[in-house]
Amino acid sequence: MNAATPVGHDEVDRLIAAWQRERPDVDVSPMAVLSRISRLAVHLDRARQQAFSAHGLVGWEFDVLSALRRSGEPYQLSPGQLLAETLVTSGTMTNRVDRLVQRGLVERRPDPDDRRGVMVRLTADGRGAVDAALAELMRHERELLSALGAGDVEHLATALRSLTVPFES
């Protein structure tokens, strides 16, 4: 938040005050950050569902399509690469690719480097859906961050990165 922007009290402030009253022997200060992150995650999940459903997608579909889209031309990955990008099991990925093929959002193509392998490629319809859903999602996410100035967003992103990096190694 900008230094000049007054900040009101929220539900987390009420929870912290109640715990401090009832358990003054316990340091509940982590709640000031982590309970707010948890509550924001609920709002972010709702925003994502709205953005995806507005373009006929659900979350897992967006995850697979966006992994392909981010890969660059020709927007294709092997099933193993998709597994690494989306962190699901091979059985789950096979099912997801099957469903996306049925919807015409991806296609399976022979792997030019391995006659036994396949590549999963984004179709024009898949690219249109993921591009539109991404634009919608970014509108929702900007709205969620609208109370913060650009410098505050950058500072918050840096601070949160410090918290997430240990979990990603």
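In this text the structure is predicted, and so the values were computed from the model without any measurement.

The rules behind each value
- Residues numbered from 1 in each chain as written.
- Predicted model: local features only at pLDDT ≥ 70, side-chain atom pairs only at ≥ 80, totals over all residues.
- Heavy atoms only, no water.
- Helix = DSSP H or I, 4+ residues; strand = E, 2+ residues; numbered from the N terminus.
- Rg over C-alpha atoms; globule rule 2.2 N^0.38 Å.
- Buried < 20%, exposed > 50% of the residue type's maximum accessible area, 1.4 Å probe, protein only.
- Contact = heavy atoms within 4.5 Å.
- Areas by Shrake-Rupley, 256 points an atom, 1.4 Å probe, with all protein chains shown as cover.
- Core = buried A, V, L, I, M, F, W, Y, C linked by side-chain atoms within 4.5 Å.
- Salt bridge = Lys/Arg side-chain N within 4 Å of Asp/Glu carboxyl O.
- Pairing = 2+ DSSP bridges.
- Axes fitted to C-alpha atoms, helices over the stretch in contact; angles between N-to-C directions.
- Phe/Tyr/Trp six-rings, centres within 6.5 Å; stacked < 30°, edge-to-face > 60°.
- UniProt positions renumbered as here; feature names shortened; annotations may be inferred.
- Parallel < 35°, antiparallel > 145°, perpendicular 65-115°, else oblique.
- Nonpolar A, V, L, I, M, F, W, Y, C, P; charged D, E, K, R; others polar.
- Left-handed = near helix turned anticlockwise from the far one by under 90°.

> Summarise the overall build of the protein; cite the residues concerned and give the values.
Regarding its fold elements, the protein presents 7 helices and 3 strands. Seen in sequence order, the protein has helices and strands lined up from the N terminus as α-α-α-β-α-α-β-β-α-α. Taken against the 2.2 N^0.38 rule, which gives 15 Å for 169 residues, the C-alpha radius of gyration of the protein at 21 Å runs more than 25% over that of a compact globule. Each of the three principal axes of the protein carries a C-alpha extent, and together these read 65 × 30 × 25 Å. Within the protein, the proportion of its 169 residues that are buried is 24%. The contacts in the protein between residues at least 6 apart in sequence include a share of 51% that link residues at least 24 apart. For the protein, the accessible area works out to roughly 11,500 Å², and carbon and sulfur atoms hold 55% of it.

> Tell me about the nonpolar core, residues and numbers included.
Formed by 23 residues in total, the largest nonpolar core has its most connected members in Leu57, Leu65, Leu68 and Leu82. It is helix 3 (residues 59-70) that provides the largest number of residues to this core, a total of 6 residues. When sequence neighbours within four positions are dropped, the list of residues in contact with Leu82 reads Val64, Ala67, Leu68, Leu77, Met93, Val97 and Val120.

> Could you give an account of the pattern of salt bridges, naming the residues involved and the relevant values?
A side chain of one charge can pair with a side chain of the opposite charge when the charged atoms of the two come close. Applying the stated criterion to the full structure yields 14 salt bridges. For Glu22, the salt bridge is made with Arg21, and the minimal N-O distance between the two is 3.0 Å. Its salt-bridge partner being Glu141, residue Arg48 comes within 3.5 Å of it at the nearest N-O pair. Within this pair, whereas Arg48 is found in helix 2 (residues 31-53), its partner Glu141 is found in helix 6 (residues 124-144), the two being separated by 93 residues in sequence. Here the residues in one salt-bridge network are Asp10, Asp13 and Arg36, joined through shared partners.

> Any details on the sheet that holds strand 2 (residues 106-111)? Residues and values, ideally.
Strand-to-strand pairing in sheets goes through backbone hydrogen bonds, with the strands running parallel or antiparallel. Within the open sheet, the 3 strands sit side by side as 1-3-2. Their pairing is antiparallel. The open sheet has two free edges, formed respectively by strand 1 (76-77) and strand 2, since each of these has just one partner strand. Of the strand pairs in this sheet, strand 1 and strand 3 (residues 114-122) are connected by 2 bridges, and their pairing is antiparallel. Residue Gln76 lies in a different strand from strand 3, and its bridge partner there is Arg121. Contacting strand 1, strand 2 and strand 3, helix 3 runs over the sheet at an angle of about 105° to strand 3.

> Residue-level account of the packing of aromatic side chains, with values.
Taken as a whole and judged by the stated rule, the model has 1 aromatic pair. On the numbers, 4.4 Å between centres and 20° between planes, the contact of Phe52 with Phe62 is stacked. Taken together, the residues span a long stretch of sequence, with Phe52 in helix 2 and Phe62 in helix 3 at a distance of 10 residues. For Phe62, a relative accessible area of 8% gives the class buried.

> Let's hear about the UniProt feature "domain: HTH marR-type" (unreviewed entry) in the protein: which residues, and what values?
The UniProt feature table records "domain: HTH marR-type" (unreviewed entry) at residues 30-165. Within residues 30-165, the helical portion is 68% and the strand portion 12%, while the C-alpha atoms at the span's ends are 18 Å from each other.

> Describe the packing of helix 3 against helix 5 (residues 90-102), naming the residues involved and giving the relevant values.
For the pair helix 3 and helix 5, the least separation of the axes is 11 Å and the interaxial angle reads 90°. The angle between helix 3 and helix 5 falls in the class roughly perpendicular. Together, Trp60, Glu61, Val64 and Leu65 of helix 3 and Met93, Arg96, Arg99 and Leu100 of helix 5 make up the contact between the two elements. Of the residues assigned to the contact of helix 3 with helix 5, the class counts are 5 nonpolar, no polar and 3 charged.

> Residue-level account of the packing of helix 1 (residues 11-22) against helix 2, with values.
Look at helix 1 against helix 2: their axes get within 10 Å of each other, and the N-to-C directions meet at 140°. Viewed along their axes, helix 1 and helix 2 adopt a mutual orientation that is oblique. For helix 1 against helix 2, the interelement crossing comes out right-handed. Of the residues in helix 2, those in contact with Glu11, Val12, Asp13, Leu15, Ile16 and Trp19 of helix 1 are Met31, Ala32, Ser35, Arg36 and Arg39. When the residues that make up the contact of helix 1 with helix 2 are grouped by side-chain class, the tally is 6 nonpolar, 1 polar and 4 charged.

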